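Structural overview
The chain contents come next:
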There are 2 protein chains.
Amino acid sequence: MTESVDDKIARVAFNADGLVAAIVQQWDTREVLMLGWMDAEALRRTLTQGRVTYWSRSRQKYWRKGDTSGHYQEVRGMRLDCDGDAILVSVEQHGPACHTGTRACFDADDLSPVVEG
Amino acid sequence: MTESVDDKIARVAFNADGLVAAIVQQWDTREVLMLGWMDAEALRRTLTQGRVTYWSRSRQKYWRKGDTSGHYQEVRGMRLDCDGDAILVSVEQHGPACHTGTRACFDADDLSPVVEG
């Protein structure tokens, strides 16, 4: 029996704000591109449309990545973590993932951990 | 001039609970292992000890991965994202990363997105 989209969404442990963290990874190179947030409706759209939709916390609205920029994300797979509060989204990223123009949102800022003696 | 650990921590945009999301990735295979959370002190320890420390939201205490299980995480690199509220931690993972015994916390639960016609 195939699990319904509603049943999939019901398995997710959304936080107090109704959101779940979505880690987005390029499917072939495995580069981590960005971290976004989804509410139940953004998750439903992502599960069913083949394109990644987020809930924008700063703009308080749905944001289907690429609709403005053209830098859209094709969904290749989605996995839920062991406690249900994080989703790993495997995508084909078209163009840069970051609004700053870099490929990934983690490209610009190295925290350079240093083990102290 | 080398940036101090305090300066690095000051660049992070912690959320209302004082936490930042930490995506943990195996440095060579680029597998995404888990998503954890750090407060400023957990971040300081991770930046300086060469081992990953989290803030456990469920247990409300610091948790240096591997101290109990032996499945520790050696820090290889850390990067901050473009809006400062997510960190990508590159690690050498010893043993399974997930408390369920799987390599990664995303191994068990496939959400199987399906594009609707």
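Residues numbered from 1 in each chain as written. Chains lettered and ligands numbered in written order. Predicted model: local features only at pLDDT ≥ 70, side-chain atom pairs only at ≥ 80, totals over all residues. Heavy atoms only, no water.

Overview of the interface of chain B and chain A
How big an interface is tends to be expressed through the accessible area that disappears when the partners come together. Which entries qualify depends on this criterion: Any two residues whose heavy atoms approach within 4.5 Å at even a single point are treated as in contact. Here the quantity called buried area is the accessible surface, traced with a 1.4 Å probe, that two parts lose on coming together, added over both. Salt bridges are counted wherever a side-chain nitrogen of Lys or Arg sits within 4 Å of a carboxyl oxygen of Asp or Glu. Any N or O atom pair separated by 3.5 Å or less is treated as a polar contact, with the protein-specific requirement of one donor-capable and one acceptor-capable atom, and with residues adjacent in sequence counted only for side-chain atom pairs. Numbering of helices and strands starts at the N terminus; helices are DSSP runs of H or I of at least 4 residues and strands are runs of E of at least 2. Polar here means any residue outside two lists: the nonpolar Ala, Val, Leu, Ile, Met, Phe, Trp, Tyr, Cys and Pro, and the charged Asp, Glu, Lys and Arg; Gly therefore counts as polar.
The interface of chain B with chain A comprises 44 residues on the first partner and 43 residues on the second. Counting the surface lost from both chain B and chain A, the interface buries some 3,800 Å², and carbon and sulfur atoms represent 59% of this. Interface area lost by chain B to chain A is led by Arg79, Phe106 and Leu111 of chain B, which between them contribute 20%. Linking chain B to chain A there are six salt bridges. Between Asp85 of chain B and Arg57 of chain A there is a salt bridge, with its nearest N and O atoms 2.8 Å apart. Inspection of the chain B/chain A interface yields 22 residue pairs in polar contact (both at pLDDT 80 or more). Mapped onto the side of chain B that touches chain A, the elements with two or more residues apiece are helix H1 (5-10), strand S1 (20-26), strand S2 (32-38), helix H2 (40-49), strand S5 (73-80), strand S6 (86-93) and strand S7 (109-110) of chain B. At five residues, the largest contribution of residues to the side of chain B that touches chain A is made by S5 of chain B. Here the residues of the side of chain B that touches chain A are counted per class, giving 22 nonpolar, 10 polar and 12 charged.

Considerations on the sheet that holds S6 of chain B
Put simply, the rule is: Between any two strands, at least two bridges found by DSSP are needed for them to pair.
Spatially, S7(A)-S5(B)-S6(B)-S1(B)-S2(B) is the arrangement adopted by the five strands of the open sheet, whose pairing is mixed. Either end of the sheet is taken by a strand with one partner, and the two such strands are strand S7 (109-110) of chain A together with S2 of chain B. Examined bridge by bridge, S1 of chain B and S6 of chain B share six bridges and lie parallel to one another. Note that in S6 of chain B the partner of Val24 of chain B across the bridge is Val89 of chain B.

Some details on the pairing of strand S2 (residues 32-38) of chain A
Residues and elements named next belong to chain A. Put simply, the rule is: Exposure categories follow from relative accessible area, calculated using a 1.4 Å probe and restricted to protein chains: below 20% of the type maximum is buried, above 50% is exposed, and the middle band is partly exposed.
Of all seven residues that make up S2, seven are buried, and the element is covered over most of its length. Where strand S1 (residues 20-26) lies against S2, six bridges are found, and the strand directions are antiparallel. Looking at the pairing, Val20 lines up with Met38 of S2. Hairpin connection of S1 to S2: five residues between the antiparallel strands, including Arg30 at a positive phi of 65°.

Regarding the relation of the copies chain B and chain A
Quick reminder of the rule: A least-squares fit on C-alpha atoms brings the copies together, and the residues used are those whose pLDDT is at least 70 in both copies.
By a simple turn and slide, chain B fits onto chain A: the slide is 0.0 Å along the axis, the RMSD is 0.0 Å, and the turn is 180°. Put plainly, the chains are arranged around a two-fold axis. Considering only C-alpha atoms, the residue of chain B closest to the rotation axis is Arg30 of chain B, which sits at 2.8 Å. Residue by residue, 98% of the interface of chain B is reproduced at the interface of chain A, so both copies engage with the same surface.

What to know about the environment of Trp63 of chain A
Note on placement: Trp63 of chain A falls in strand S4 (residues 61-64). Setting aside residues up to four positions removed in sequence, Trp63 of chain A forms contacts with Met34, Val52, Thr53, Tyr54 and Ser56 of chain A.

Focus: the UniProt feature "binding site: Zn(2+)" (unreviewed entry) in chain A
Residue and element names in this part refer to chain A. Here is the rule we go by: UniProt positions are given in the numbering used here, feature names are shortened, and annotations may be inferred rather than shown by experiment.
The positions UniProt marks with the feature "binding site: Zn(2+)" (unreviewed entry) are Cys82, Cys98 and Cys105. These annotated residues cover 24 residues of sequence, and their C-alpha atoms reach 27.7 Å apart at the extremes, leaving them scattered rather than at a single site. Counting through the fold element by element, Cys82 comes out in the loop between strand S5 (73-80) and strand S6 (86-93). The exposure class assigned to Cys82 is partly exposed, which follows from its relative accessible area of 35%.

Structural notes on the pairing of S1 of chain B
Of all seven residues in S1 of chain B, seven are buried, a share of seventy percent or more. The two faces of S1 of chain B match: Val20, Ala22, Val24 and Gln26 of chain B on one face and Ala21, Ile23 and Gln25 of chain B on the other face are all buried.

What to know about the pattern of salt bridges
Summed over all chains, the structure comprises 21 salt bridges over all chains. Between Arg103 of chain A and Glu31 of chain A there is a salt bridge, with the nearest N and O atoms lying 3.7 Å from each other. Linking Arg103 of chain A in the loop between S6 and S7 with Glu31 of chain A in the loop between S1 and S2, this pair joins segments that are 72 residues apart in sequence. By relative accessible area, which is 19% here, Glu31 of chain A ends up buried. Close ionic contact of Arg51 of chain B with Asp67 of chain B constitutes a salt bridge, the shortest N to O distance being 2.8 Å. Placement of the pair is Arg51 of chain B in the loop between H2 and strand S3 (53-56) and Asp67 of chain B in the loop between strand S4 (61-64) and S5, with a sequence separation of 16 residues. Several salt bridges converge on common partners, so that one network encompasses Asp6, Glu41, Arg44 and Arg45 of chain A.

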